[in-house]
Amino acid sequence: MEILISLSLGITLSAASGLRVFIPPLIMCMAALFGDLPLASNLQWIGTYPTLIVLSTAVVVEVLAYYIPGVNNLLDLIEIPTAIAVGSVLTAATLGDLNPVLQWTLAILAGGSAAGIVETTTSVTRVAATTMTGGLGNPVLSTAEAVLSVVLTLLGLAIPLLAAGIVLLVIIWLIRKTKAILVERRLRRQGNRTIESKYRSQARYRLR
């Protein structure tokens, strides 16, 4: 049961890092410093003051960067592998002193996957929002993602099992939403090609 709770916490933190990479590790660092969260012995460095300073700086830079048009979409590409790596480390840190092979296998499969799926799907959603609103909707989306990252992280620390269930539902919704966006974009491209082909045919007919 203890491993299940720890794994649920790790998955929740990883999913939250898919929304904002550095917010969950910063909150984890603070919780560890206050003695509220035990960490695996090989990852005790997460709960140190130098880590707190580095993560605090990273959070400020990351959150502000997402409000800069163009930079936010570029960050999404960079942060997909970063989120996977951070999610794996966060999950490994919550699992305690397991066998290292089991610890990192679970961390990569559960934490890395959760972070990667959330980061990838939100990236697609951001591109769609940029296209639909001309970038005007991105600040609202960025704020919502940052707030949700904080809420998920705190919920995971307080009620890990419930938080993991919510994460699962969010991931399912994000996958469905992303699939719908991709299908719509493909149909739109096909429609544009059909219209272009029709105009070309008409032009050739007139030339005759």
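Above this note sits the structure.
All of these numbers come straight from a predicted model, not from anything done at the bench.

Rules behind the numbers
Residues numbered from 1 in each chain as written. Predicted model: local features only at pLDDT ≥ 70, side-chain atom pairs only at ≥ 80, totals over all residues. Heavy atoms only, no water. Helix = DSSP H or I, 4+ residues; strand = E, 2+ residues; numbered from the N terminus. Contact = heavy atoms within 4.5 Å. Areas by Shrake-Rupley, 256 points an atom, 1.4 Å probe, with all protein chains shown as cover. Phe/Tyr/Trp six-rings, centres within 6.5 Å; stacked < 30°, edge-to-face > 60°. Lys NZ or Arg CZ within 6 Å of the ring centre and 35° of its normal. Axes fitted to C-alpha atoms, helices over the stretch in contact; angles between N-to-C directions. Parallel < 35°, antiparallel > 145°, perpendicular 65-115°, else oblique. Left-handed = near helix turned anticlockwise from the far one by under 90°. Nonpolar A, V, L, I, M, F, W, Y, C, P; charged D, E, K, R; others polar. Buried < 20%, exposed > 50% of the residue type's maximum accessible area, 1.4 Å probe, protein only. Patch = residues over 30% accessible without salt bridge, like charges linked within 9 Å, V, L, I, M, F, W, Y side chains within 5 Å. Salt bridge = Lys/Arg side-chain N within 4 Å of Asp/Glu carboxyl O. Core = buried A, V, L, I, M, F, W, Y, C linked by side-chain atoms within 4.5 Å.

Chemist: Before we move on, could you go through the overall build of the chain and cite the residues and values that matter?
Modeler: Within the chain one finds 7 helices and 0 strands. Along its sequence from the N terminus, the chain presents helices and strands in the succession α-α-α-α-α-α-α. Considering only contacts in the chain between residues 6 or more positions apart, those separated by 24 or more positions represent 73%. For the chain, the accessible area works out to roughly 11500 Å², and carbon and sulfur atoms hold 72% of it.

Chemist: So what's going on with the packing of aromatic side chains? Which residues, and what values?
Modeler: Think of a pair of aromatic rings as described by two things: how far the centres are apart, and how the planes are tilted against each other in angle. Within this structure, the stated rule accounts for 0 aromatic pairs. The ring centre of Tyr66 lies 3.8 Å from the NZ or CZ of Arg20, which sits over that ring.

Chemist: So what's going on with the packing of helix 2 (residues 23-33) against helix 3 (residues 49-65)? Which residues, and what values?
Modeler: Axes are the key here: two packed helices are described by the angle between their axes and the distance separating the axes. Packing of helix 2 against helix 3 leaves a shortest axis separation of 9 Å and a crossing angle of 150 degrees. Judged by the inter-axis angle, helix 2 sits roughly antiparallel to helix 3. Judged by the sense of rotation from one axis to the other, the crossing of helix 2 with helix 3 is left-handed. Of the residues in helix 3, those in contact with Ile23, Pro25, Leu26, Cys29, Met30 and Leu33 of helix 2 are Tyr49, Thr51, Leu52, Leu55, Ser56, Val59, Glu62 and Val63. Grouping the amino acids of the contact of helix 2 with helix 3 by side-chain chemistry returns 11 nonpolar, 2 polar and 1 charged.

Chemist: Mind laying out the environment of Ile166, listing which residues take part and the relevant values?
Modeler: Among the structural elements, Ile166 can be located in helix 7 (residues 160-207). Overall, Ile166 belongs to the partly exposed group, its relative accessible area being 31%. Taking the C-alpha atoms as reference points, Ile166 and Leu155, 11 residues apart in sequence, are found 9.8 Å from one another.

Chemist: Could you give an account of a nonpolar patch on the surface, with specific residues and numbers?
Modeler: A cluster of nonpolar side chains, Met1, Leu4, Ile5 and Leu161, forms an exposed patch at the surface whose accessible area comes to about 380 Å². Counting through the fold element by element, Met1 comes out in the segment before helix 1 (2-19). Its relative accessible area of 67% is what places Met1 among the exposed residues.

Chemist: Explain the nonpolar core to me, using residue names and the numbers behind them.
Modeler: By size, the foremost hydrophobic cluster in this structure holds 17 residues, and its most contacted members are Met28, Leu37, Leu39, Ile46 and Ala93. Of all elements in the fold, only helix 1, helix 2, helix 4 (71-94) and helix 5 (100-133) reach the threshold of two or more residues within this core. Broken down by element, the residue count for this core peaks at 5 residues, all from helix 4. With near-sequence residues (within four places) excluded, Met28 lies in contact with Leu13, Leu37, Leu39, Ile46, Leu90, Ala93 and Thr94. By size, the runner-up hydrophobic cluster in this structure holds 9 residues, among which are Ala114, Val118, Leu152 and Leu174.

Such coordinate-based values are descriptive only and should not be taken to indicate function.
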